[in-house]
Amino acid sequence: MGQKSRRAISLNLSFDYIKSGLKCRLYTYKFGLKIAHSFFKGLFLPYVNKFIATADHKKAYEILLQDDFSMREAQRLIDKGRLICNGNAVSEKNAILCGDVFLIDYEAEPKGLKPIFECESFAVFDKPSGVLSHPNGRHCEYSLNDEIYTLFGRDASVAHRLDFETSGVIVVGKDRNSTIKLKKIFENREVSKSYIAMVQGKIEREFTIDAKMDLANNYDDVKMRMQICENGKSAVTKILPIRYFDDIDTTLVQAIPLTGRQHQIRLHLFHVKHKILGEPLYGLSRSQIEKILDKEMSEIERILTTGAPRLLLHSDEISFKFDGVEYKIKSKFDARNEFYNLVNQN
């Protein structure tokens, strides 16, 4: 069975469905004469329907427990409508089931990405550009979760996120307790991060950008876009030039975020008129942004529009203290040469 058929599992119907103000996608999966319905936000999430049991007057949660799910996981799966019996979603954990039972489950399909650092509690990956930290509903066929679940199991999770097109170091907790601890470290800003970016124009000296920001409140704007605003949240980024390339009029910089706002480095550099090459959001029209997000823009058009085939921003180094031990992990990706080559070859 090919990748597409494994993902879709005889997908034979897809149409928009509006519920509670949210746009969902209704999928119908066909198993011979049996039809199972489930709601998913977006397209082609890596979920499959798996036969797990033939029930004979057994409670729903018991079937999931015997399939090695915890009670908490069983409740979550039932609440999300992912347990199907005789073509109908099971809504109560104590429901008595009779007949064939299927589970709509995430199927990891790894591509072989390995951690660049690993200890007993966590691992660190060098995330490639164009890979989601966590699956979302926008045409997601692969994410870092495919690697995480395969290597460490379902209790493992990313401790923070990197934007889809941002590459670089990302920390993954191997179990729930480690993930909770790591997330708290990030939330408390007890982490130092350093990024590498290729930006437009010449930067000759170190400077700091101190500009408050918040989510754009223009309802006609792209929902994920941020804006500089006086009443926004404090955001501070330190910029240090590494090298100016006069042949392509760009500067390779080190960007150190002293706060942790969404799109902080990207928006700050755009704000001071040194936009990151390949930037898919800032400085573009809504139609251009949607074309990029929906993968409808060719590579040549993307280069002509943004200056590069991808966002030239890389998470280069991260350091923090965990369980009394100081960690400093550096990316193995050569951003300096790779970014220059991406721009220069075009």
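Along each chain, residue indices are assigned from 1 in the same order as the chain's sequence is written. Totals for whole chains, interfaces and linings use every residue, but because this is a predicted model, local features are given only for residues with pLDDT of at least 70 and side-chain atom pairs only at 80 or more, for both listing and counting. Hydrogen atoms and water are omitted, and side-chain values are computed over all heavy atoms in the structure.

Thoughts on the overall build of the protein chain
A run of DSSP states H or I qualifies as a helix once it reaches four residues; a run of E qualifies as a strand once it reaches two. Both are numbered from the N-terminal end. Counting secondary structure elements, the protein chain contains nine helices and 19 strands. In the protein chain, which comprises 346 residues, the share counted as buried stands at 46%. Taking as baseline every contact in the protein chain between residues at least 6 positions apart, the subset at least 24 positions apart corresponds to 61%. Accessible surface is estimated by sampling points in the Shrake-Rupley manner with a 1.4 Å probe; for residues, cover comes only from the protein chains shown. Surface exposure of the protein chain reaches about 18,200 Å², of which carbon and sulfur atoms provide 48%. Only protein chains enter the accessibility calculation, which uses a 1.4 Å probe; a residue is then buried when its area is under 20% of its type maximum, exposed when over 50%, and partly exposed in between. By definition in these notes, contact holds between two residues if any of their heavy atoms fall within 4.5 Å.

Notes on unusual backbone geometry
Excluding glycine, residues mostly carry a negative phi; peptide bonds, for their part, are mostly trans. Phi is positive for Asn86, which is not a glycine, with a value near 55°. By secondary structure assignment, the location of Asn86 is in the loop between β5 (83-85) and β6 (88-89). Despite not being glycine, Asp249 has its phi angle at roughly 50°, a positive value. Among the secondary structure elements, Asp249 is positioned in the loop between β16 (236-245) and β17 (250-257). For Asp249, a relative accessible area of 41% puts it in the partly exposed group.

Describing the pairing of strand β12 (residues 191-200)
In terms of burial, β12 is largely enclosed, as seven of its ten residues are buried. Strand pairing is defined by DSSP finding a minimum of two bridges between the two strands. Here seven bridges tie β12 to strand β18 (residues 313-322), and the two strands are oriented antiparallel to one another. By the bridge assignment, Ser194 is partnered in β18 with Glu317. Pairing of β12 with β17 involves six bridges; the strand directions are antiparallel. Considered in β17, the bridge of Ile196 is made with Gln254.

Some words on helix α4 (residues 144-152)
With seven of its nine residues buried, α4 lies for the most part within the structure. Among the residues of α4, Leu144, Asn145, Asp146, Glu147, Ile148, Tyr149 and Phe152 are the ones counted as buried. Looking at the residues trailing α4, positive phi occurs at Gly153, about 95°.

Quick word on the packing of aromatic side chains
Side-chain rings of Phe, Tyr and Trp (the six-membered ring for Trp) are treated as a pair once their centres are within 6.5 Å; stacked means planes under 30 degrees apart, edge-to-face means over 60, and tilted covers the remaining angles. Under the defined criterion, the tally for this structure stands at eleven aromatic pairs. Ring geometry for Phe186 against Phe320: centres 6.4 Å apart, planes inclined by 50°, an arrangement best described as tilted. Of this pair, Phe186 sits in helix α5 (residues 176-187) while Phe320 sits in strand β18, placing them 134 residues apart in sequence. Across the pair, Phe320 and Phe186 agree in class, each one buried. Lysine and arginine charges are scored as sitting over a ring when NZ or CZ, respectively, is within 6 Å of the ring centre and within 35 degrees of the ring normal. Above the ring of Tyr142, the side-chain terminus of Lys111 is found at 4.3 Å from the ring centroid.

Notes on the pairing of strand β19 (residues 325-330)
Where β18 lies against β19, six bridges are found, and the strand directions are antiparallel. Bridging across to β19, Ser319 finds its partner in Lys328. Linking β18 back to β19 in an antiparallel pair, the connection comprises two residues, with Asp323 at a positive phi of about 50°.

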